[in-house]
Amino acid sequence: MLDILVEKLGMAPWFSSYVLLPVLIFAARILDVSFGTIRVVFIMQGNKRLAPIIGFLESFIWLVAVSQIIKNVDNIVTYLAFAGGFGMGTYVGLIIEEKLAFGKVLIRIITKKPATELIQFLEENNFYFTNVPAEGRYGKVNVLFSVINRERLTKIFEGIETFNPNAFYTVESVKSATENKEDKTKSRLALFNVLTSKKK
């Protein structure tokens, strides 16, 4: 197909072999490795619908790129494009995954300074959390746990930097989390009240 396109466009053979083909392979590798990174994220989140579809696209693009290298096995530029595309695809995939901010995370905050203001910040911004008094190497500390949507991490970081800038915190991926039954009931009641008020 590429040969037919080159012939129709009237490109020089050297241009198609050492410029056009490597660029296409480079772009294909960026695409398939980016898909691979996102597929892993979906698997970690237990998404059984999108992960197989992305896996199919990833494999198909990879096969197309490899087939072109096999056809031009003596062209060293295609090897460089293949490897370069892999490296760039890894970088692009991580950026995409970071921007999409899939799933939930567990954030654990450990602070020696009293966390009264931070706790108030969490309450005001509707973060659910658990506060556990604990003992650290240098004395008593507060440990705050919260499971949140990953897209809200920036907000909780703002609270930490404002009220407990010296706090130690870790962030871990969470595959699944149960919803608070009491809050779920309140949400349903609120929806019911809205619907019934509209009817009136």
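Located above this text is the structure these notes cover.
First things first, this report covers the structure right here in the doc. Everything numeric here is computed off the predicted structure, so don't read it as measured data.

## Structural notes on the overall build of the protein chain
Then, in step 1: Check the secondary structure of the protein chain and you find seven helices and four strands.
Then, in step 2: Per-residue burial over the protein chain gives 31% buried out of 200 residues.
Then, in step 3: A total of about 13900 Å² of accessible surface is found on the protein chain, and carbon and sulfur atoms cover 63% of it.

## Here we look at the packing of helix α5 (residues 116-124) against helix α6 (residues 153-163)
How two helices sit against one another is set out by the angle between their axes and by the gap between those axes.
Then, in step 1: Taken N-terminus to C-terminus, the directions of α5 and α6 make an angle of 155°; their axes are 9 Å apart at the nearest point. Compared by their axis directions, α5 and α6 come out roughly antiparallel. In terms of crossing hand, the pair formed by α5 and α6 is right-handed. From α5, E117, L118, F121 and L122 reach across to α6, where they touch K155, I156, G159, I160 and F163.
Then, in step 2: For the contact of α5 with α6, a count of residues per class yields six nonpolar, one polar and two charged.

## Things to note about the pattern of salt bridges
Then, in step 1: Enumeration according to the criterion identifies four salt bridges in this entry.
Then, in step 2: Note that R29 is salt-bridged to D32, the shortest N-O span being 3.0 Å. Here D32 and R29 lie together in helix α2 (residues 13-44), a separation of three residues that amounts to about one turn. Taken individually, R29 and D32 each receive the classification buried, so the pair is uniform in this respect.
Then, in step 3: With a shortest N-O distance of 2.8 Å, R108 and E172 are connected by a salt bridge. Taken together, the residues span a long stretch of sequence, with R108 in strand β1 (residues 104-111) and E172 in strand β4 (residues 168-174) at a distance of 64 residues.

## A word on the packing of helix α3 (residues 50-71) against helix α4 (residues 76-100)
Then, in step 1: Put simply, α3 and α4 touch, their axes get as near as 10 Å, and they point 160° apart. In terms of orientation, α3 and α4 fall into the roughly antiparallel class. Here α3 and α4 pass one another in a crossing that is left-handed. Here α3 contributes W62, A65, V66 and I69 to the contact with α4, which in turn contributes T78, Y79 and F82.
Then, in step 2: Split into classes, the residues belonging to the contact of α3 with α4 amount to six nonpolar, one polar and no charged.

## Re the environment of T116
Then, in step 1: Mapped onto the elements, T116 comes out in helix α5.
Then, in step 2: In this structure the C-alpha to C-alpha distance between T116 and N164, which are 48 residues apart in sequence, comes to 9.9 Å.

## What to know about a nonpolar patch on the surface
Then, in step 1: Residues L50, I53, F56, L57, F60 and V64 make up a contiguous nonpolar surface patch of about 570 Å² in total accessible area.
Then, in step 2: Examined against the element boundaries, I53 turns out to sit in helix α3.

## Looking at the side chain of S146
Then, in step 1: Locating S146 in the fold gives a position in strand β3 (residues 139-149).
Then, in step 2: Within the local environment of S146, its side chain forms a polar contact with the backbone oxygen of Y128, the two atoms lying 2.6 Å apart.
Then, in step 3: Apart from residues no more than four positions distant in its own chain, S146 is found in contact with V105, L106, I107, F127, Y128 and F129.

## Let's talk about the sheet that holds β1
Then, in step 1: Pairing in this open sheet of four strands is antiparallel, and the strands run β2-β3-β1-β4 from one edge to the other. Edge strands, defined here as strands with exactly one partner in the open sheet, are β2 (130-136) and β4. When strand polarity is set aside, the average angle formed by the axes of neighbouring strands in this sheet is 25°.
Then, in step 2: Of the pairings in the sheet, the one linking β1 to β4 comprises seven bridges and is antiparallel in character.

What counts as what
Residues numbered from 1 in each chain as written. Predicted model: local features only at pLDDT ≥ 70, side-chain atom pairs only at ≥ 80, totals over all residues. Heavy atoms only, no water. Helix = DSSP H or I, 4+ residues; strand = E, 2+ residues; numbered from the N terminus. Buried < 20%, exposed > 50% of the residue type's maximum accessible area, 1.4 Å probe, protein only. Areas by Shrake-Rupley, 256 points an atom, 1.4 Å probe, with all protein chains shown as cover. Axes fitted to C-alpha atoms, helices over the stretch in contact; angles between N-to-C directions. Parallel < 35°, antiparallel > 145°, perpendicular 65-115°, else oblique. Left-handed = near helix turned anticlockwise from the far one by under 90°. Contact = heavy atoms within 4.5 Å. Nonpolar A, V, L, I, M, F, W, Y, C, P; charged D, E, K, R; others polar. Salt bridge = Lys/Arg side-chain N within 4 Å of Asp/Glu carboxyl O. Patch = residues over 30% accessible without salt bridge, like charges linked within 9 Å, V, L, I, M, F, W, Y side chains within 5 Å. Polar contact = N/O pair within 3.5 Å; in protein donor to acceptor, adjacent residues only side chain to side chain. Pairing = 2+ DSSP bridges.

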